[in-house]
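Structure assessment
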Amino acid sequence: LEVLHDQLLMMFAAANPPSPSEILVVTPRLEETAPLIDAVFGTVPESRRIPYAITGQPQREVNPVARAFDALLALTASRHAASAVFDLLMQEPIAARFRLGAEDLESIRSWIEASGIRWALDAEERKAFDLPATADHTFDDGLQRLFLAYAMGENETAVGGRIGAANPEGQQAAALGTFWRFIEELRRLRHECRRPKDAPGWRDALNDALARFVAEAVAWAEDFRAVQAAIGELHERMQRGGLRATVPLDAIRSALGELLDDPARGGVPTGKVTFTSITSLRNLPYRVVCAIGMNDGVFPTAGRALEFDLIAAAPRRGDRQRRYDERNIFLDLVLAARERLYLSYTGRSVRDNSRKPPSVLVAELLDSAVQACSADASGEDAVRRQLVVEHPLQPFSTEYFIAAGGDSRRRSFHAEYCEALQQKAKPPSPAALAIKAEEDDADERAPDLGLPFFPAPLAAPPAEWRTVRLEQLRALLLYPCSYLLRQRLGIELAERGEELADDEPFLPANASRKALAQRLLPAALEGSGEEALIALARAGNEFPAGPLGEAALLAEVRTLRRFAQALREDRATPLVPHAGALPFPLDEEQWRLEGTLDDLHASGLVRHRYDDVRPSDYLAGWIDHLFLCATLPAGAAPATRWHSRNGVYTLGPYPEAKARLAELMALYREGLQRPLHFFPRTSWAYVVGDLKDARNKWFAYWNPTYGESQYAPYRLALRGIQDPLDERFVELADRVLAPLCKHVSDPRL
């Protein structure tokens, strides 16, 4: 395509140039070539821009109505996975038909996720797949939970064995009702299309589905009529073929897709350089006809007969031969070229640079042309060299820009490449050679890590930053790079959203345990019995159904009760929340740490998180404990107990609390100016193990995607740093976490 672009510019620069509308470019695989055409012809500067248009593309790719309707038929024949249903609803013609905006669609996506919808419209559809006829994780079950939440609000009382989900309210009622209507239409369409139909039956069913699901708006009126015409043509073909038997949906969808994607239906002259499929516009005369991608095996296609092809199994004289049809297409293109025929193919292998033959049709045409243009056999080689031009692999090859000598048919109009080659041809100065030598030495020492994101520390924060809340100190130490980017630079790195799940859980996941605990923990802390908690747990859908899921749910409820019982005992005598403040002079600046401690009891500070203990839990509890010991309120013990799902750790009195807080405040001030080489998970691995353990946690050699180094804020803020686990890392880990490790009481360590 880059060669073609230069060749067309050369034609326009010659005498008696053709106009863009007099040039036709065809290719055997338009669907693969179309993005590359835009990449080459659509990105050039204005001085080299050639007006072009791509026509004859498959309707299911360029026609939004055809694409949406094909997705609807595919969904009807499938198991109605949650992601597929939502993808269909997001298609513009479908969303417009049901009058859903961007906010409505976002709400529906969150409802699908929160209500546990995974696949199937209802229990009947699950039964059709030889599965138990239960509504678990179906759209029917999810909608019931959404309606229940809308009716009862945030009340999590179980009704009919279900609890509400997502809490839709207010103006969202309209979107919820529309979502229900959309699912009802899908259920009706599935019921109608499950039964095979004859030709008139499918014509009526398809037109009815098109009218019910796709908006007939002015913006895509022509696209709508194109799909209607395809449905009508499909019916006519079935009638002309004498088909009287009923046909299943899969066959109808396949036949309709072939009609919609038929390139002969979409190829039209455009008034520009027209790119189209090789089967389109083959009989129209053009001054210049270009056929690109004419590789061996691509055209004519080397198709294999299908196993159920009766014509191939019992051939007869007069049967249609696709290979002969394609030879005739090529002949039509040759005859359509009035002045110039341009044929292009890949002549070298990408593996070993060996020569590759062109399409057999191109080879035969070339052989005929060589024989016709040479007086005898001795001159055939010279004629072949005149007819065939072999281009270099890269568009910046010097062969394209040589002023004298070389093949005049190989010229490039790329001014930027020409200027770069001219600069390269100039002899370098001694200073440039010295710099290049230094760069080569640096390249040998270390890989190119890119420009540092923080080449120098930021300016010291202004005075209003010197009053620090306890939560801010905790946030910076738990997420040092994220806090720096967000608070000082205003950079918020969005996390990649999870895709909708299409399979119900078969084993309880960590997220399921968290969701279950979030629902059950308040009731457990109020003293609800095991039977009540089990009933409330079964009303949700966090855990899988069946005996395995039931056993896991019972075990989790018992673990949750033990957790709640231990937490209730430590919370027996609550105290009034304590607010305190501490001054810290840092580099001749007056800083101040303020905080409020709730969950304060006579036995000390009680914190909890229902999950297995993590390094962040130790660090968060340590920071709160230091503040407690440094500002000890009357009546409270200088102790902290942190409850986790798998145990409890305890922190006792610590006389050096203020000194440790002063160190942390100094790190807070530093962390507002440059990235700290402190990473909670990796630093904890170093403190409880060694540097090798820290590197394993940082890189996660067993699965690099789970390494702490892959956290997006770290990758951005630490860009250009050769090894973040340096001496500074060791120093900060020892300063922050070593006192904690020596002081904590935890049988798990």
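Residues numbered from 1 in each chain as written. Predicted model: local features only at pLDDT ≥ 70, side-chain atom pairs only at ≥ 80, totals over all residues. Heavy atoms only, no water.

1. Describing helix α4 (residues 64-76)
In an α-helix, one turn spans 3.6 residues; hence positions three or four apart end up facing the same way. Stated formally: In this description a helix means any DSSP run of H or I spanning at least four residues, a strand means any run of E spanning at least two, and both kinds are numbered starting from the N terminus. By definition here, a helix of n residues has an expected span of 1.5 Å times n minus one. The buried label applies to any residue whose accessible area, calculated with a 1.4 Å probe on protein chains only, is under 20% of its type's maximum; exposed applies above 50%, and partly exposed to all values in between. Here a polar contact is taken to be a pair of N or O atoms separated by no more than 3.5 Å, where protein atoms must pair a possible hydrogen donor with a possible acceptor and residues adjacent in sequence count only if both atoms sit in side chains.
When the terminal C-alpha atoms of α4 are compared, their 18 Å separation across 13 residues agrees well with the 18 Å that a helix rising 1.5 Å per residue should span. Within α4, 10 of the 13 residues are buried, leaving the element largely enclosed by the surrounding structure. Buried within α4 are the following residues: Pro-64, Val-65, Ala-66, Ala-68, Phe-69, Asp-70, Leu-72, Leu-73, Leu-75 and Thr-76. The opening residue of α4 is Asn-63, an N-cap whose side-chain oxygen sits 2.9 Å from the backbone nitrogen of Val-65.

2. A look at the packing of helix α23 (residues 510-525) against helix α24 (residues 530-538)
Each packed pair of helices is defined by two parameters, the angle between the axes and the distance between the axes. For clarity, the cut-off: For helices, the axis comes from a line fit to the C-alpha atoms of the stretch in contact; other axes are also lines fit to C-alpha atoms, and the angle between any two N-to-C directions lies between 0 and 180 degrees. Roughly parallel refers to an angle under 35 degrees, roughly antiparallel to one over 145, roughly perpendicular to one between 65 and 115, and oblique to any angle outside these ranges. Left-handed describes a crossing whose near helix is turned anticlockwise from the far helix by less than a right angle; the clockwise case is right-handed. In what follows, a contact means two residues having at least one pair of non-hydrogen atoms within 4.5 Å. Residue polarity is assigned by list, with Asp, Glu, Lys and Arg as charged and Ala, Val, Leu, Ile, Met, Phe, Trp, Tyr, Cys and Pro as nonpolar; anything else, Gly included, falls into the polar class.
At their nearest, the axes of α23 and α24 sit 10 Å apart, and the two run at 155° to each other. In terms of their interaxial angle, α23 and α24 are classed as roughly antiparallel. Note on packing geometry: the crossing formed by α23 with α24 is right-handed. Residues Leu-516, Arg-519, Leu-520, Ala-523 and Ala-524 of α23 touch α24, and the partners they reach there are Leu-533, Leu-536 and Ala-537. Looking at the contact of α23 with α24, its residues break down into seven nonpolar, no polar and one charged.

3. Focus: the packing of aromatic side chains
Quick reminder of the rule: Aromatic contacts are taken between Phe, Tyr and Trp rings whose centres are within 6.5 Å, Trp giving its six-membered ring; a plane angle under 30 degrees counts as stacked, one over 60 as edge-to-face, and the others as tilted. Note on geometry: a ring has a charge over it if NZ (lysine) or CZ (arginine) is within 6 Å of the ring centre and within 35 degrees of the ring normal.
Using the criterion set out here, one finds 24 aromatic pairs in the structure. Seen in terms of ring centroids, Phe-182 and Phe-213 are 6.2 Å apart; in terms of plane orientation they differ by 80°. Their pairing is edge-to-face. Residue Phe-182 is found in helix α10 (residues 172-193), and its partner Phe-213 is found in helix α11 (residues 199-213); the two are separated by 31 residues along the sequence. In this structure Phe-213 comes out as buried when scored by relative accessible area, which is 0%. On the numbers, 6.4 Å between centres and 75° between planes, the contact of Trp-591 with Tyr-668 is edge-to-face. Taken as a pair, Trp-591 in strand β8 (residues 589-597) and Tyr-668 in helix α27 (residues 657-671) lie far apart in primary sequence, 77 residues in all. Of the residues examined, Trp-591 reaches a relative accessible area of 1% and is grouped as buried. By the ring-pair criterion, three or more aromatic residues cluster together here, those being Phe-679, Tyr-686, Trp-698, Tyr-711, Tyr-714 and Phe-729. Cation over ring: Arg-488 sits above Trp-465, and NZ or CZ is 5.5 Å from the ring centre.

4. A short note on the environment of Thr-279
Relative to the assigned elements, Thr-279 resides in the loop between β3 (273-277) and β4 (286-291). Through-space distance from the C-alpha of Thr-279 to that of Gln-394 is 30 Å; in sequence the pair is 115 residues apart.

5. Digging into the sheet that holds strand β12 (residues 647-651)
Heads up, the condition is: By definition, two strands form a pair when at least two bridges between them are found by DSSP.
As summarised here, the arrangement of the four strands in space is β9-β10-β11-β12, forming an open sheet in which the pairing is mixed. Edge strands, defined here as strands with exactly one partner in the open sheet, are β9 (600-601) and β12. Where strand β10 (residues 604-609) meets strand β11 (residues 640-644), five bridges bridge the pair, whose relative direction is parallel. Paired with Arg-607 across the two strands is Trp-642, which belongs to β11. Across the sheet, helix α25 (residues 546-570) lies against β9, β10 and β11, angled at about 165° from β11, the strand it touches most.

6. Some points on the confidence of the model for the chain
Operational definition: The pLDDT value tells you how sure the predictor is about a given residue, anywhere from 0 up to 100.
Counting all residues, the mean pLDDT for the chain is 89, and 96% of those residues have values of 70 or more. Note on residues 442-446: pLDDT under 50 across the span, and one contact to partners over four residues away in sequence or across chains.

7. Describing the sheet that holds strand β6 (residues 467-469)
The mixed open sheet is built from three strands, whose spatial order is β6-β8-β7. In the strand order of this sheet, the two ends are held by β6 and β7 (578-586), each with one partner. Recorded for the sheet is a direction-independent mean angle of 20° between the axes of neighbouring strands. One ladder, built from nine bridges, connects β7 with β8; its direction is antiparallel. Bridging from a neighbouring strand, Pro-585 pairs with Gln-590 of β8.

8. With respect to the environment of Ala-53
Tracing the sequence through the fold places Ala-53 in strand β2 (residues 52-54). Taking C-alpha positions, Ala-53 is 8.6 Å from Thr-276, a pair spaced 223 residues apart along the chain. The residues touching Ala-53, leaving out its near neighbours within four places in the chain, are Thr-270, Lys-272, Val-273, Thr-274 and Phe-275.

9. A few points about the nonpolar core
So the rule is basically this: By convention a nonpolar core is built from buried Ala, Val, Leu, Ile, Met, Phe, Trp, Tyr and Cys residues, the set being connected through side-chain atoms within 4.5 Å.
Counting 56 residues, the largest nonpolar core has Phe-69, Phe-182 and Leu-186 as the members making the most contacts within it. Tallying contributions element by element places α10 first for this core, with eight residues. For Leu-186, the residues in contact, after removing those within four places along its chain, are Leu-72, Leu-75, His-80, Val-85, Leu-88, Leu-121 and Phe-213. In terms of nonpolar packing, the next biggest core, distinct from the first, is built from 45 residues, Leu-478, Tyr-483, Leu-651 and Val-744 among them.

10. Quick look at helix α9 (residues 139-152)
With 14 residues, α9 should cover 20 Å at 1.5 Å per step; its first-to-last C-alpha distance of 20 Å lies within 8% of that length. For α9, every residue scored as buried is listed here: Phe-139, Asp-141, Gly-142, Leu-143, Arg-145, Leu-146, Leu-148 and Ala-149. On the buried face of α9, the contacting elements are α5 (82-90), α7 (102-114) and α10.

11. Re the pattern of salt bridges
Between side chains of opposite charge, a pair can form when the charged atoms approach closely. Put simply, the test is: Salt bridges are counted wherever a side-chain nitrogen of Lys or Arg sits within 4 Å of a carboxyl oxygen of Asp or Glu.
One pass over the full model with this rule turns up 63 salt bridges. A salt bridge links Arg-469 to Glu-594; the shortest N-O distance between them is 3.7 Å. Of the two residues, Arg-469 is situated in strand β6 and Glu-594 in strand β8; the sequence distance between them amounts to 125 residues. By relative accessible area, which is 21% here, Glu-594 ends up partly exposed. We note a salt bridge from Arg-669 to Asp-587, for which the minimum N-O separation is 3.4 Å. Of this pair, Arg-669 sits in helix α27 while Asp-587 sits in the loop between β7 and β8, placing them 82 residues apart in sequence.

12. Quick word on the pairing of β7
Of the two faces of β7, only one is covered, namely that formed by His-578, Gly-580, Leu-582, Phe-584 and Leu-586; the face formed by Ala-579, Ala-581, Pro-583 and Pro-585 stays uncovered. Counting the residues that bridge the hairpin from β7 to β8 gives two residues, and of these Asp-587 lies at a positive phi of roughly 50°.

13. With respect to a nonpolar patch on the surface
This is how the line gets drawn: Each patch is built from residues lacking any salt bridge and having more than 30% relative accessible area; the joining distance is 9 Å for like charges and 5 Å for nonpolar side chains (Val, Leu, Ile, Met, Phe, Trp, Tyr). For the accessible areas, the method is Shrake-Rupley and the probe is 1.4 Å, while residue cover comes only from the protein chains on display.
A cluster of nonpolar side chains, contributed by Phe-506, Leu-507 and Leu-548, occupies part of the molecular surface with about 370 Å² of accessible area. Within the fold, Leu-507 resides in the loop between α22 (480-489) and α23. Overall, Leu-507 belongs to the exposed group, its relative accessible area being 58%.

14. A look at unusual backbone geometry
Cis geometry marks the peptide bond from Phe-299 to Pro-300, where omega comes out at -5°. By secondary structure assignment, the location of Pro-300 is in the loop between β4 and α15 (310-313). In this structure, Ala-166 takes a positive phi of about 75° despite not being glycine. One can find Ala-166 in the loop between α9 and α10. Residue Ala-700 is not a glycine yet carries a positive backbone phi of 50°. Relative accessible area serves as the criterion here: at 0%, Ala-700 is assigned to the buried category.

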